[in-house]
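Remarks on the overall topology
Spelled out, the chains give:
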Amino acid sequence: MNSILTVLVLGLLLAIGLDLFQENSSWIREQLYGKQPKRKTAQVLEYFQNYERENHPDLTDCRLAWGYFADLDVLVNGVPYMNSLGYEKPPEPVYHDFLNNMQDFAETFAFFFSKGAANEMFLDNVEDWSKVRETAFTNKRDAYYGGNALWMAKNAARIGCRSLLGAIVDPDLKQELTDLGVETIGTVIPAEEFDVHILMEYVKTESWGKLFAPRSNRYYVNRDQQISKLEVLDAYHEEIKKYKPDFHGIGGLHLLEPHFEGSDIKDKLYKMKAYWAEAQQRGEQIHLELAAFNNLKFYETLADTAIKQANSIGLNEQELAILHSYLSTQSLVAVSDTNPDANAINGLIVDTLKLMIENGYEVNRMHLHSLNVHSVCYKESHWGDGSFGLISSALIAARMGCRVETLTEDLVTLYHPGELIGKNFAGQEEHLAFYPSNPVMKWKLDLEFICLSIPAVICHDSQRSANLGDNISSTGLTYHRPIKQKTDSN
């Protein structure tokens, strides 16, 4: 009798317990496995924004230099713009590594739109370019001065550093930079001769006929004439000896690619490499902002000059895939996974750095900004703590995308990995738990290199995708202070 009563009581208690568990299961799961996604996002945002307020580095003596290009960006909505050019329905997506005419342009935009990938290409035909340019100005959403180096120079000045830009400019841009406190080296040319880039944005799930964009991104087309001359190279590196920057940030070298065959660009790139080596002898680091490339012969020269000599490299997931493909197979990939897994992309950074070091590249820092994760790997003897720069660069991307200064969990999505696998140069793996209350994950690659990784913060309703990479990299770089190295000249 007692045993039967005991069983009944235990059964009743179990039933009550199960009922309580059902009522409070979300609370129990939170205690065991962490907060629900929206709460996690709020915790991470709170950590990032508090860290930014409480740990601002001293930039009193910050002195930075940027080169070598600037242009006028004309921003259009990509699909309506193509409709205005007579392409209400898209052509079959086809990848062209060079745009000879309007049809090549339309097919290549369709290709990158359908992949959700970014690229910038040169339209060779003068008459087609005239139509493309005129239609862009007629349908523009905005127009402003742009270019990798220009955006980085302006952002560094906004942050509070002394900033110098080496580039050809027009009179209005010269005045804008003067007003911002950005010093300039380079010729001032008439506005009508200034190079124009057409910036075609599209948003996630947008349709163009039967095609759909898997993510928000942008595509550029240009017909540069001034930029291709790399005219400012000698003047910049002569003047910079007196300026004595902490480092140089170089971007836009992909704009030389269409002009490579039958020109002196190869000679200029090797001359640039020699200038960079001289700067490094003075204790100045060189940062290279990469882009998407299409021409293998040009990339071979770039790899042996700019990429080989650069100390620091900034890139996104597509540009990382191109670099890794070249280093491992001596080939280029047109597109990569536009929604990469955080562990896969971090593993690719480690593999790429290892290949570069084994092949004599000067790299001692790499900053990746992708859709899911932001990571920076660097040699601790050459760079200070990278946490502030990494956090601040992730926040500026979200603020620019959302067009707000204060971010909340209602505005953004957080791609938190749950667990990150940190791989080192020896191929060993370290499992790193993700804690929203302390979301900067760290692991060692060897005795010298360390990696930091944080989840990306992405707008639900992104208002822009263009120019984010330049602002991400320049913010991360400006706040990531180099450690002065002893050289023969100091």
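Above this text sits the structure in question.
The present account deals with the structure reproduced in this document. What you see is a predicted model; the values in this text were computed from it and never measured.

A word on the nonpolar core
Ranked by size, the top nonpolar core spans 146 residues in total, and within it Y68, F105 and I307 carry the most contacts. Sorting elements by how many residues they give to this core places helix α5 (residues 102-115) first, with eight residues. Filtering out sequence-adjacent residues up to four positions away, F105 remains in contact with Y81, M82, L85, L99, L123, V132, M200, Y219 and V221.

As for the sheet that holds strand β11 (residues 247-251)
Across the sheet, ten strands lie side by side as β6-β5-β1-β11-β12-β13-β14-β15-β20-β19; this open sheet has mixed pairing. In this open sheet, the two edge strands, each paired with only one partner strand, are β6 (182-185) and β19 (441-444). Adjacent strand axes in the sheet meet at a mean angle of 15° when their direction is disregarded. Across three bridges, the pairing between strand β12 (residues 285-289) and strand β13 (residues 312-315) is parallel. Within β13, the position partnered with L288 by the bridge is I313. Across the sheet, helix α8 (residues 171-180) is in contact with β5 (162-166) and β6; its angle to β6 comes to roughly 140°. Across the sheet, helix α10 (residues 265-281) is in contact with β11 and β12; its angle to β12 comes to roughly 140°.

Some words on the state of the cysteines
All chains considered together, the criterion is met by three disulfides. Paired by a disulfide, C62 and C161 hold their sulfur atoms 2.0 Å apart. Around the S-S axis, the bridge from C62 to C161 shows a dihedral of about 90° and counts as right-handed. Within this pair, whereas C62 is found in the loop between α3 (37-54) and β1 (63-67), its partner C161 is found in the loop between α7 (148-159) and β5, the two being separated by 99 residues in sequence. Residue class for C161 comes out buried when judged on its relative accessible area of 7%. What pairs with C377 in a disulfide is C451, and their sulfur atoms sit 2.0 Å apart.

So, helix α9 (residues 233-243)
Burial in α9 covers these residues: L233, Y236, H237, I240 and Y243. Seen along its axis, α9 keeps its buried residues to an arc of 110°; they face one direction. Elements in contact with the buried residues of α9: β1, β5, β6, β11 and α10. Immediately downstream of α9, the backbone of K244 shows phi near 55°, a positive value.

Observations regarding the packing of aromatic side chains
Per the counting criterion, the structure on display carries 26 aromatic pairs. Taking 5.4 Å as the distance between ring centres and 85° as the angle between the ring planes, the aromatic pair formed by Y68 and Y236 counts as edge-to-face. Taken as a pair, Y68 in the loop between β1 and β2 (71-77) and Y236 in helix α9 lie far apart in primary sequence, 168 residues in all. Across the pair, Y236 and Y68 agree in class, each one buried.

A few points about the side chain of T41
For T41, the location among the structural elements is in helix α3. Taking relative accessible area as the criterion, T41 reaches 7% and is therefore assigned buried. Excluding its chain neighbours within four sequence positions, the residues that come into contact with T41 are E409, V412 and L414.

Here's the deal with the pattern of salt bridges
Considering all chains together, one arrives at 14 salt bridges under this definition. A salt bridge links E92 to K210; the shortest N-O distance between them is 3.4 Å. On the criterion of sequence distance, the pair formed by E92 in the loop between α4 (78-84) and α5 and K210 in the loop between β8 (207-208) and β9 (211-212) is long-range, its members being 118 residues apart. A single burial state applies to E92 and to K210, both of which are exposed. For R141, the salt bridge is made with E201, and the minimal N-O distance between the two is 2.6 Å. Of the two residues, R141 sits in the loop between α6 (126-138) and β4 (142-146) while E201 sits in strand β7 (residues 196-202), which places them 60 residues apart along the sequence. Exposure remark for R141: the relative accessible area of 36% places this residue in the partly exposed category. On the accessibility criterion, E201 (6% relative accessible area) is buried.

Some details on the packing of helix α12 (residues 317-329) against helix α13 (residues 342-358)
At their nearest, the axes of α12 and α13 sit 10 Å apart, and the two run at 40° to each other. As far as their axial angle goes, α13 and α12 are oblique. Judged by the twist between their axes, the crossing of α12 over α13 is left-handed. Across from E317, L320, A321, L323, H324, L327 and S328 in α12, the residues of α13 making contact are I345, L348, I349, D351, T352, L355 and M356.

Analysis parameters
- Residues numbered from 1 in each chain as written.
- Predicted model: local features only at pLDDT ≥ 70, side-chain atom pairs only at ≥ 80, totals over all residues.
- Heavy atoms only, no water.
- Core = buried A, V, L, I, M, F, W, Y, C linked by side-chain atoms within 4.5 Å.
- Buried < 20%, exposed > 50% of the residue type's maximum accessible area, 1.4 Å probe, protein only.
- Helix = DSSP H or I, 4+ residues; strand = E, 2+ residues; numbered from the N terminus.
- Contact = heavy atoms within 4.5 Å.
- Pairing = 2+ DSSP bridges.
- Axes fitted to C-alpha atoms, helices over the stretch in contact; angles between N-to-C directions.
- Disulfide = S-S within 2.5 Å.
- Arc of directions from axis to C-beta.
- Phe/Tyr/Trp six-rings, centres within 6.5 Å; stacked < 30°, edge-to-face > 60°.
- Salt bridge = Lys/Arg side-chain N within 4 Å of Asp/Glu carboxyl O.
- Parallel < 35°, antiparallel > 145°, perpendicular 65-115°, else oblique.
- Left-handed = near helix turned anticlockwise from the far one by under 90°.

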